[in-house]
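Coordinate analysis (summary)
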Amino acid sequence: MQKKQLIDYLFVGLGASNCLLILELEKKRLLDGKKIIILEPHQKNKKDKTYCFWSTSDNVEKIIPLDFIDKEWDRVIINRKVQSLNPLKYYHVSSLTLYEKALKIIKNHNVKILKHTLEKNQSSNRIITDNIVYEPKYSFDSRPPLIKKLQKNQFYINQSFVGWQIQTNEEVFDPQSFTMMDFEIPQDNSTQFVYVLPFDSKHALVEVTRFGEDIMSIDEGEKLLNNYLKNYKNYQVLDIEKGCIPMTNADISTEICSNIRNMGTRAGHIKPSTGYAFKSMSMDATTIVNQIALENETIVPSNVQIRDNRFAFYDSLLLRILSEKSHLGKPIFKRLFQRIKAPEILYFLDEESSLSNELKIFYSLQWKPFIVAALKVLWNINNQIFKSFLPLLLSILFLAFQSLNMTYLTDVFLVTGLLLIGIPHGAIDHLIETNHFNQSVSLKFIALYLAQGAVIVLLWYMNPLLALLIFIGYSIFHFAQADFTEWKLNSKISWIWGILFFCGILLSHPIELNEILNQLSISELPKIQGNIFSSLWQDIAFGCLGLGIIMGFIQRSTAMIATSLFLLLTTQLTLIHAFGTYFIYNHSLLGWNHLRNHFQVNSLQLWKKASLFSFGSYALFLFLYWYFGNDFGNYIGTFFVFLSAISFPHVLRMNNFYNYYKN
Ligand SMILES: Cc1cc2nc3c(=O)[nH]c(=O)nc-3n(C[C@H](O)[C@H](O)[C@H](O)COP(=O)(O)OP(=O)(O)OC[C@H]3O[C@@H](n4cnc5c(N)ncnc54)[C@H](O)[C@@H]3O)c2cc1C
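The model shown is predicted, which means the values in this text are computed figures rather than measured ones.

Description of the overall build of the chain
When helices and strands are counted, the chain shows 22 helices and 16 strands. Summarising its shape, the C-alpha atoms of the chain cover approximately 100 × 65 × 40 Å along the three principal directions. Per-residue burial for the chain yields a buried fraction of 34% across its 663 residues.

Written out as structure tokens, the structure is:
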């Protein structure tokens, strides 16, 4: 029989990212007394990589302890000219130093190293070996990433290289200057260049690098190296380094399990346009350790895994150019290094530049390939823009139905949408709670869900006005949180949007709103003549939606502008049609797509998971329709109470979900 054993940490792979994490855990004494397993098929007793990075000397110790660094340079040779790197320096760490220091730390703790590998699709959530099932509290997985199929605007090229460590007879190198990207070598239909890292005046690593689809073979690399070094008459090759780094902005498959944390390349730390990762992995190790120190059960995914900023856009432009027109790499990089100082470029590559510096950099470059690439990127995000405009288009259609006295067609659109997306999007809360797609529903979950809904019903019974205010409060919170997350905006000000659009929808329909208030035994809105419309409440509603458009311009959000415009149009529809269009074709549709992408499944798979609760809701609606029949309109207040009760537990779960994934 298999024995179960709980362990504290599982490290899958003992490469750069996990070694950096081990160093950081040791610093905070978070390895003491812990049960640890490391899966690593290799001995890790050879230097297989060199890790270079740049930093100011003040900050370098935040990245790696000083005794790991075996060489630093304060000057760089670019386009065959020497430049100062001040205030930065370029640092070199040998992979062997990193492995040795991590192994030394491990020796002093309760660690078992297994020469065991995990298969590509095997979960690192539990491992079975020698009839023991190990279940880790935290699993740090640094296996090579599983890259998903490329989508539009995603590219994949290889950064492959072959390097020789050479020793010359004469003093030929300046030990303070390293050579970065010397393009004066044949380009072979790709982008090729040479790095020279001199360790002293007679000893250097000379590396030829290729950005391109084809990986450079050792033969190709050695031919280029021989040619490059032909002026150095006497040198010996001491060692060879070869490797390949993926340069891609493709999505990486992630396992949906909250105690598994992807690391290094698997977590997207390789910067797509450069291949550098060391500094980013080191920062990530600090972030993880801070969370472990707080005893967080879940370590939030790495911030580079969900990369959606302007630098991701710049990376996608360069990747597009390098993959579609690789011969342009040499003139672009040469011009960049001629016109912009090296430290400025390095800050830009670290994503620490200001917008004005970035404009200066792009201004210095050849415009045509970047403009063409940007237009292609924009063309391909049409689909996303279309989603923002869908509710606007539908509201125009519904207005047309209304003027033709065919509102039953609007009902068909809304009821179909409600059955296919509206209800199912809220029927997978059990998956969201556990963050595990294959999780079945537990009785505990159902009991807690019903209890949370019952609290709201009780509140309506005791104090309807308070219950209404609370319902409005969490509805504003939830819809605004969802919109801001989907539109990728800063959630701190989402409440402003929430208030604007909620007042816009409700107050633009004062008569219908008063009917609902009547049924809930809450006093009506007073009737006040408006300055523009027949009611002051409608004036306020239009004002709010107008502010929504302004806010959209300030936030540079096409989606917010489109949604405000669509809500302005829906003021001319009934309240139920206006809210239904927003709820189904904006809120639920965006949420559904988000959950589909999150769990990496298609709609059918998600529907199957939602079916239990969806069919339960359909049955309940049919029952209510059969029971109340034509009287349903008179029970809209009761329906409201019911709606608020079932939405409350959903809001709580979605809040946890969005908070977890925003980091
Ligand atoms: C030759 C080379 C040079 C580089 N130089 C730089 C540089 O100068 N600066 C920079 O910033 N970045 C550099 N990079 C990029 C990046 O920093 C490195 O690739 C870095 O090693 C990534 O760390 P990692 O932990 O993701 O992967 P790795 O360091 O490769 O570690 C992964 C570990 O997982 C183990 N493993 C693999 N499969 C399994 C399995 N199925 N089960 C269990 N264990 C497994 C491997 O044996 C390995 O030890 C370089 C990359 C290469 C290839």
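Read on, since the account is not over.
Some words on the environment of D251
Within the secondary structure layout, D251 lies in the loop between strand 15 (235–248) and strand 16 (260–262). You can call D251 partly exposed: it has 19 C-beta atoms within 10 Å. For D251 and Q5, which are 246 residues apart along the polypeptide, the C-alpha to C-alpha distance reads 34 Å.

As for the domain arrangement of the chain
Parsing the chain into structural domains produces domain 1 (3–147 + 252–293), domain 2 (156–248), domain 3 (310–378) and domain 4 (382–662). Its C-alpha centre places domain 1 at a distance of 30 Å from the equivalent point of domain 3. With 13 residues of domain 1 at the interface, the matching set in domain 3 holds eleven residues. Considered class by class, the residues forming the side of domain 1 that touches domain 3 number seven nonpolar, five polar and one charged.

A few points about the pairing of strand 2 (residues 36–39)
One ladder, built from four bridges, connects strand 1 (residues 3–12) with strand 2; its direction is parallel. Residue pairing in the sheet places V12 in a bridge with L39 of strand 2. Assessed by its sense of winding, the connection that carries the chain from strand 1 through helix 1 (residues 16–27) to strand 2 is right-handed. Two strands pair when backbone bridges link them, and strand 2 and strand 8 (residues 111–114) are joined in this way by four bridges, in the parallel orientation. Looking at the pairing, I36 lines up with V111 of strand 8.

Considerations on the sheet that holds strand 14 (residues 203–212)
Strand order across the open sheet formed by seven strands is 6-5-12-13-14-11-15, with mixed pairing between neighbours. Each having just a single partner strand, strand 6 (81–84) and strand 15 make up the two edges of the open sheet. Neighbouring strand axes in the sheet, compared pairwise and without regard to direction, differ in orientation by 20 degrees on average. Two strands pair when backbone bridges link them, and strand 11 (residues 156–168) and strand 14 are joined in this way by ten bridges, in the antiparallel orientation. Residue Q167 lies in a different strand from strand 14, and its bridge partner there is H203.

Quick look at the packing of helix 12 (residues 407–425) against helix 21 (residues 603–628)
One way to put it is that helix 12 packs onto helix 21 with a least axis distance of 9 Å and a crossing angle of 100 degrees. Looking at the two axes, helix 12 sits roughly perpendicular to helix 21. Between helix 12, through L419, I423 and P424, and helix 21, the contact on the second element is made entirely by W607, A610, S614, S617 and Y618. A class-by-class count of the residues in the contact of helix 12 with helix 21 yields six nonpolar, two polar and no charged.

Examining the pairing of strand 5 (residues 75–78)
The side-chain alternation of strand 5 yields one buried face, formed by V76 and I78, and one unburied face, formed by R75 and I77. Relative to strand 6, strand 5 runs antiparallel, the two sharing four bridges. Across the sheet, I77 pairs through a bridge with V82, a residue of strand 6. Turn length for the strand 5-strand 6 hairpin, with the two strands adjacent in sequence and antiparallel, is two residues, and the turn residue N79 shows positive phi of about 50 degrees. In this sheet, strand 12 (residues 177–182) lies alongside strand 5 in parallel orientation, the contact comprising three bridges. Each residue of the ladder has a partner; that of V76, found in strand 12, is F178.

Digging into the site of the ligand
Looking at the ligand, there are 31 residues lining it, with G13, G15, S17, G243 and G264 nearest. For the shell around the ligand, the element with the highest residue contribution is strand 3 (residues 50–56), accounting for four residues. Its residues placed into classes, the shell around the ligand shows 16 nonpolar, twelve polar and three charged.

A short note on the packing of helix 12 against helix 20 (residues 575–599)
Contact pair helix 12 / helix 20: the axes reach a minimum separation of 9 Å and the direction vectors enclose 40 degrees. Helix-helix and strand crossings are classified by hand; for helix 12 and helix 20 the assignment is left-handed. Contact with helix 12, carried on its side by T410, L414, G417, L418, I421, G422 and H425, involves H577, G580, T581, F583, I584, Y585, S588, L589, G591 and W592 of helix 20 and no other residues of that element.

Brief notes about helix 14 (residues 443–462)
Along an α-helix, residues three or four positions apart point the same way, because every turn accommodates 3.6 residues. Its 20 residues give helix 14 an end-to-end C-alpha distance of 28 Å, which sits within 8% of 28 Å, the value for a rise of 1.5 Å per residue. Buried residues of helix 14: Y449, I456 and W460, and no others. Angular distribution of buried residues about the axis of helix 14 spans 55 degrees; they occupy a single face of the element. Turned more than 90 degrees away from the buried face of helix 14 sit L443, K444, A447, A451, A454, V455, L458, Y461 and M462, all of them exposed.

Considerations on unusual backbone geometry
Between N86 and P87 the backbone carries a cis peptide bond, its omega angle lying at 10 degrees. Looking at the element boundaries, P87 is found in the loop between strand 6 and strand 7 (88–94). Unlike most non-glycine residues, D130 shows phi in positive territory, near 50 degrees. On the basis of neighbour counts, which here come to 8 C-beta atoms within 10 Å, the residue D130 falls in the exposed class. In this model, D188 sits at a positive phi of 45 degrees, which is unusual for a non-glycine residue. As for its placement among the helices and strands, D188 is situated in the loop between strand 12 and strand 13 (191–200).

What counts and what doesn't
- Residues numbered from 1 in each chain as written.
- Predicted model: local features only at pLDDT ≥ 70, side-chain atom pairs only at ≥ 80, totals over all residues.
- Helix = DSSP H or I, 4+ residues; strand = E, 2+ residues; numbered from the N terminus.
- Buried ≥ 20, exposed ≤ 12 C-beta atoms within 10 Å, placed from the backbone.
- Domains from an automatic or database assignment.
- Contact = placed C-beta atoms within 7 Å.
- Nonpolar A, V, L, I, M, F, W, Y, C, P; charged D, E, K, R; others polar.
- Pairing = 2+ DSSP bridges.
- Right-handed = clockwise from strand over helix to strand, strands pointing away.
- Axes fitted to C-alpha atoms, helices over the stretch in contact; angles between N-to-C directions.
- Parallel < 35°, antiparallel > 145°, perpendicular 65-115°, else oblique.
- Near = placed C-beta within 6 Å.
- Left-handed = near helix turned anticlockwise from the far one by under 90°.
- Expected span 1.5 Å × (residues − 1).
- Arc of directions from axis to C-beta.

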